[in-house]
There are 2 protein chains.
Amino acid sequence: VLSVDEQLRYLKKGLAELIREEELRERLAEGRPLRVKAGFDPTAPDLHLGHTVLLRKMKHFQDLGHHVIFLIGDGTGRIGDPTGRNATRPPMSREEIERNAETYRQQVFKILDPQKTEIRFNSQWLDALSFEDMIRLCARYTVARLLERDDFAKRFREGTPISVHELLYPLAQAYDSVALRADVELGGTDQKFNLLVGREIQKDYGQPPQIVATTPLLEGLDGVQKMSKSLGNYVGITEPAEQMFAKLMSISDELMWRYWELLTDRSLEEIQALRAQVERGERHPMEVKMELARAIVADFHSREEAERAAEEFNRVVRRGEVPAELETVALPPDVRAGGELRVDKLLARVGLAESVSDAVRKIKAGAVEINGERCADLRYPDSAGTYLIIRVGRKWKRVAC
Amino acid sequence: VLSVDEQLRYLKKGLAELIREEELRERLAEGRPLRVKAGFDPTAPDLHLGHTVLLRKMKHFQDLGHHVIFLIGDGTGRIGDPTGRNATRPPMSREEIERNAETYRQQVFKILDPQKTEIRFNSQWLDALSFEDMIRLCARYTVARLLERDDFAKRFREGTPISVHELLYPLAQAYDSVALRADVELGGTDQKFNLLVGREIQKDYGQPPQIVATTPLLEGLDGVQKMSKSLGNYVGITEPAEQMFAKLMSISDELMWRYWELLTDRSLEEIQALRAQVERGERHPMEVKMELARAIVADFHSREEAERAAEEFNRVVRRGEVPAELETVALPPDVRAGGELRVDKLLARVGLAESVSDAVRKIKAGAVEINGERCADLRYPDSAGTYLIIRVGRKWKRVAC
């Protein structure tokens, strides 16, 4: 059994903020399983590694024997865009929410322990709120304080409309903490304000205020912008092992340390030790990065698949002598054609051939390799969100699809 | 049957504002009974003439065959002060609300026609609102627009807290108009903002926006401040006929015209005619004021009682030669004693005797008259909210209790 100090060190790893450490220390000292809540949208989940930072922190609480509540915010999400102005956010049906919850289960239990996870839906208590209950809840908080939230403050200042219902969401989220008697609420840094409202509302309902722990946004593969689908700099947790592995190997040596911290269970001491070895030249960064990639891929697939992915990576990329610094270019849009890529066009567009006809000649001559395999065909399967590592003789390009 | 123009003239009499006249004209032209709503607090009603300005306007709609809805706002009133900070506003029980509703019935049906009045409680539809319904309702209006309301704007500017639930009340009131499909909503000028929210929300729910008609605040007997219980310048509608009559006779000749307009059904033309007669010296203002007092007293008692009150007034006051300008002074607090007034002390305090012993001597000598009756006792019944007209020889005082 870990001491309170050891538990605290493990739980604090990688957090953006912890409010307040003393309170968490006191509750850990009580020795009982804490009730740890984190809320999720009921929209179709397709998680990437950025989402797993929060899930992993939930897991850390589970590792120490605490009770984790995976809360699906269907009470509000089901409403869609109530102004009716945003047609792209239609209300969700019960079935749709159930389907998404099932997808969540499949994805999040790759990290969370299903035995120690309680899945809840906030419609259970929000739907039971009467007009009177709503009035009582809303009486607990002032307009001015809600308008202090960064995004509200900005919109209010700029005269961008804020509908009254938007003020109700943070209060409803806070009420979730009351309904669940949460000891701790976890969320991204962008949730900090809402999580703090939870503290206030719990006090008003006679409960001790929850401890608020926020996890940082994960940088994407580029190391600059946050990981996101739309920026294409992400690793989806359902991607095939090889693809995941190759993407992870593309990050910078510097970003690697951040990923060690946020995407593995290694302690800060272990990570510091690794880093020291690299800095003293005792280990090659590439080797340590492969260890990271293996660890992450194993979480979402298996140790064996991770091993195979590492071997494949070695075979395709290292044997092919991929240059350490490989230029990544975006896929030119006009090379897509019916679920496939026109390789000849692509080579010409990214400068690996002088023209389309030159490209055709090179392909036919067997001079073109994609992801370590000779490419003899003018077409190649189109798989969005992946990278193609293309080699033509001594020239290389990484193409982001 | 009156023409639309004639109806409009009758309904517009004494209004502070009408939004919009064209729309009211159009709906009157439809020839159907309009649904006319006015909302009232469920707190214990003890109405004074100030309240009857609104009730009378409701009656005017009834006079023209329209359907009047007397809405008791129990849905919100039942909650009391939800912050729990104001102990003087405890939540009301169902029984208490029912009792108050009964008192309302007894009082308002002195003006309204019970056959043409529908009494409703907004808890009927507010209690049926789900969390989802509330979100949808609140999505219809922006925070910024609610904060434009004068009192909110002031508090927001000054940093005085506004609880979120206070924003919900105008929306709930607006939703009442939706639930009742109101054509017209009546209210005091202080309600203007809320009534206008009703217009917007009705549009959002696919209904034509209600016409908003506000009635002015009635000046109290002093002609300066608004009529109010706490200022003591009021006439309660359950006061005895004689007292009501005497109080009404105490108003200024100028204020009398305002009372004619707001407290009787006389048309503006009739009132103008009366005024012209007074101005040409064809009628004495005192005579016209007695006609006004008789008309008002008859509304709350009967024509016969009004007649008797007029006679009593003549007997007590006119025969006693009460001076036209009579000084009114407040009751000195230390003359109250166990439901009675110490007349000797009172005379000394208000300058009608040189000392308490001088007062005792005068009372015993039969030189003191109160409200036209000789006062031979050192004690007099204490009746808060009334006036005592006291005469000692040629000296007079009116004392407000």
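In this text, all values refer to a predicted model and were calculated from it rather than measured experimentally. (Residues numbered from 1 in each chain as written. Chains lettered and ligands numbered in written order. Predicted model: local features only at pLDDT ≥ 70, side-chain atom pairs only at ≥ 80, totals over all residues. Heavy atoms only, no water.)

On to the confidence of the model for chain A, then. Residue and element names in this part refer to chain A. For chain A, per-residue confidence averages 89 on the pLDDT scale, and residues scoring 70 or more make up 94% of the total. Here helix α4 (residues 74–77) stands out as the element of chain A with the lowest mean pLDDT, 80, in contrast to strand β6 (residues 211–215), whose mean of 97 is the highest. Model confidence for the complex is summarised by a pTM of 0.74, with the ipTM given as 0.71. (pLDDT = per-residue confidence, 0-100. Helix = DSSP H or I, 4+ residues; strand = E, 2+ residues; numbered from the N terminus.)

The terminal C-alpha atoms of helix α3 (residues 49–63) of chain B lie 20 Å apart, and with 15 residues this matches the ideal 21 Å at 1.5 Å per residue to within 8%. Phi for Gly65 of chain B, located one or two positions after α3 of chain B, is positive at around 90 degrees. (Expected span 1.5 Å × (residues − 1).)

Here we come to the interface of chain B and chain A. Taken together, the 33 residues of chain B in the interface contact 33 residues of chain A. Overall, the association of chain B and chain A removes approximately 3,000 Å² of surface from exposure, summing both partners, and the carbon and sulfur fraction of that is 75%. Of all residues in chain B, the largest losses of buried area upon contact with chain A belong to Phe131, Ile135 and Val164 of chain B, amounting jointly to 24% of the total for that side. Taken together, the connections running from chain B to chain A amount to ten residue pairs in polar contact (both at pLDDT 80 or more). Every element with two or more residues in the side of chain B that touches chain A is listed here: α4 (74–77), α7 (131–138), α8 (143–146) and α10 (164–180) of chain B. Considering each element in turn, the side of chain B that touches chain A owes the most residues, seven residues, to α10 of chain B. Grouping the constituent residues of the side of chain B that touches chain A by class yields 23 nonpolar, six polar and four charged. (Contact = heavy atoms within 4.5 Å. Buried area = accessible area lost by both parts, 1.4 Å probe. Polar contact = N/O pair within 3.5 Å; in protein donor to acceptor, adjacent residues only side chain to side chain. Nonpolar A, V, L, I, M, F, W, Y, C, P; charged D, E, K, R; others polar.)

Residues and elements named next belong to chain A. At a closest axis distance of 9 Å, the pairing of helix α1 (residues 4–12) and helix α3 (residues 49–63) adopts a crossing angle of 165 degrees. Classified by the interaxial angle, the pair formed by α1 and α3 is roughly antiparallel. By crossing handedness, the relation of α1 to α3 is classed as right-handed. On the side of α1, the interface is formed by Tyr10, Leu11 and Lys12, while α3 contributes Lys57, His60, Phe61 and Asp63. Of the residues that constitute the contact of α1 with α3, the class distribution is three nonpolar, one polar and three charged. (Axes fitted to C-alpha atoms, helices over the stretch in contact; angles between N-to-C directions. Parallel < 35°, antiparallel > 145°, perpendicular 65-115°, else oblique. Left-handed = near helix turned anticlockwise from the far one by under 90°.)

What follows deals with the packing of helix α1 (residues 4–12) of chain B against helix α2 (residues 21–29) of chain B. Residues and elements named next belong to chain B. At a minimum axis separation of 10 Å, α1 and α2 run at an interaxial angle of 130 degrees. One element, α1, and the other, α2, form an angle in the oblique class. Along this stretch, α1 crosses α2, giving a crossing that reads as right-handed. Here α1 contributes Val4, Asp5, Gln7, Leu8, Leu11 and Lys12 to the contact with α2, which in turn contributes Glu21, Leu24, Arg25, Leu28 and Ala29.

Our focus in this paragraph is the relation of the copies chain B and chain A. Overlay of chain B on chain A (RMSD 0.1 Å): rotation 179 degrees, translation along the axis 0.0 Å. Such a combination of rotation and displacement between the chain copies is what one expects of a two-fold axis. Rotation axis and chain B: the residue whose C-alpha lies nearest the axis is Ser130 of chain B, separated from it by 3.1 Å. Mapped onto chain A, 100% of the interface residues of chain B are again interface residues, and the two copies thus contact each other with one and the same surface. (Least-squares fit on C-alpha atoms with pLDDT ≥ 70 in both.)

Here the focus is the packing of aromatic side chains. Residue and element names in this part refer to chain A. Counted by the stated rule, this structure contains eleven aromatic pairs over all chains. An angle of 70 degrees between the planes, with centres 5.8 Å apart, marks the rings of Tyr175 and Tyr205 as edge-to-face. Remark: Tyr205 occurs in the loop between α11 (192–204) and β6 and Tyr175 occurs in helix α10 (residues 164–180); sequence separation between them is 30 residues. Residue Tyr205 is classed as partly exposed on the basis of its relative accessible area, which comes to 30%. (Phe/Tyr/Trp six-rings, centres within 6.5 Å; stacked < 30°, edge-to-face > 60°. Buried < 20%, exposed > 50% of the residue type's maximum accessible area, 1.4 Å probe, protein only.)

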